[in-house]
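Here is what each chain is made of, one letter per residue.
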Amino acid sequence: MRIAPGEKVAEHDHPYSEEFIFLASGELRVDLDGEPVSLSAEQSLLVPRNVRHRLTNVGETEALAVFQLSPLAPRPELGHEDTEEGP
């Protein structure tokens, strides 16, 4: 996913999956249940199941993040729950 400066991914959670985030380039703030965690290029973060999280590009350049969810939800529509409205 490419995230422009100032752009965010709205808060959500995954009831069935852990989410692994690898930040290839840029700077992100990841809010985990409201607690901020800073990620710089080439760092990664594991988001446990059921933890609300929001990603915000706090840098001056585009951020490139790679995500992996595991295990997958039994059906795609069950894998992601929005906990706030999008941007």
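Once a new chain begins, its residue numbering starts again from 1 and follows that chain's sequence as written. Per-residue local features of the predicted model are confined to residues with pLDDT of at least 70, and side-chain atom pairs are confined, for both listing and counting, to 80 or more; whole-chain, interface and lining totals are unaffected and use all residues. Only hydrogens and water are set aside; all other atoms, that is, all heavy atoms of the structure, feed into the side-chain values.

(A) Inspection of the overall build of the chain at higher detail. Every helix listed is a DSSP run of H or I at least four residues long, and every strand listed is a run of E at least two residues long, numbered separately from the N terminus. Along the backbone of the chain there are zero helices and nine strands. Going from the N terminus to the C terminus, the chain shows its helices and strands as β-β-β-β-β-β-β-β-β. We compute the radius of gyration from the C-alpha atoms alone; for a globule the expected value is 2.2 Å times N to the 0.38, where N is the number of residues. For 87 residues, the compact-globule estimate of 2.2 N^0.38 gives 12 Å, and the C-alpha radius of gyration of the chain, at 12 Å, lies within 12% of that figure. Across its three principal directions, the C-alpha atoms of the chain cover 40 × 25 × 20 Å. Between buried and exposed lies partly exposed: a residue is buried under 20% and exposed over 50% of the maximum accessible area for its type, with that area taken using a 1.4 Å probe on protein chains only. Residues counted as buried form 34% of the 87 residues belonging to the chain. Sequence separation of at least 24 residues holds for 74% of the intrachain contacts in the chain that already meet a minimum separation of 6. The accessible surface values rely on the Shrake-Rupley method and a 1.4 Å probe; as for residues, cover is taken only from the protein chains in view. When the accessible surface of the chain is split by element, carbon and sulfur atoms take 50% of a total near 5,300 Å². Charge separation in the chain, taken as the distance between the mean sites of 7 positive and 17 negative side-chain charges, equals 3 Å. Any two residues whose heavy atoms approach within 4.5 Å are treated as being in contact. Under the counting rule used here, the positive set is Lys and Arg, the negative set is Asp and Glu, and His together with the chain ends is not counted. The atoms used to mark charge sites are NZ of Lys, CZ of Arg, CG of Asp and CD of Glu.

(B) Molecular detail of the sheet that holds strand 5 (residues 35-40). Here, any two strands with at least 2 DSSP bridges between them count as paired. The antiparallel open sheet is built from five strands, whose spatial order is 5-4-7-2-9. Because the sheet does not close on itself, it has two edges, and the strands there are strand 5 and strand 9 (81-82). Note that strand 2 (residues 8-13) and strand 7 (residues 53-57) share three bridges and pair antiparallel. Bridge pairing in strand 7 places Lys-8 opposite Thr-56.

(C) Focus on the pairing of strand 8 (residues 63-70). Pairing of strand 1 (residues 2-3) with strand 8 involves two bridges; the strand directions are antiparallel. By the bridge assignment for strand 8, Ile-3 is matched with Ala-63. Where strand 3 (residues 18-25) lies against strand 8, seven bridges are found, and the strand directions are antiparallel. Counted as the bridge partner of Glu-18 is Ser-70 from strand 8.

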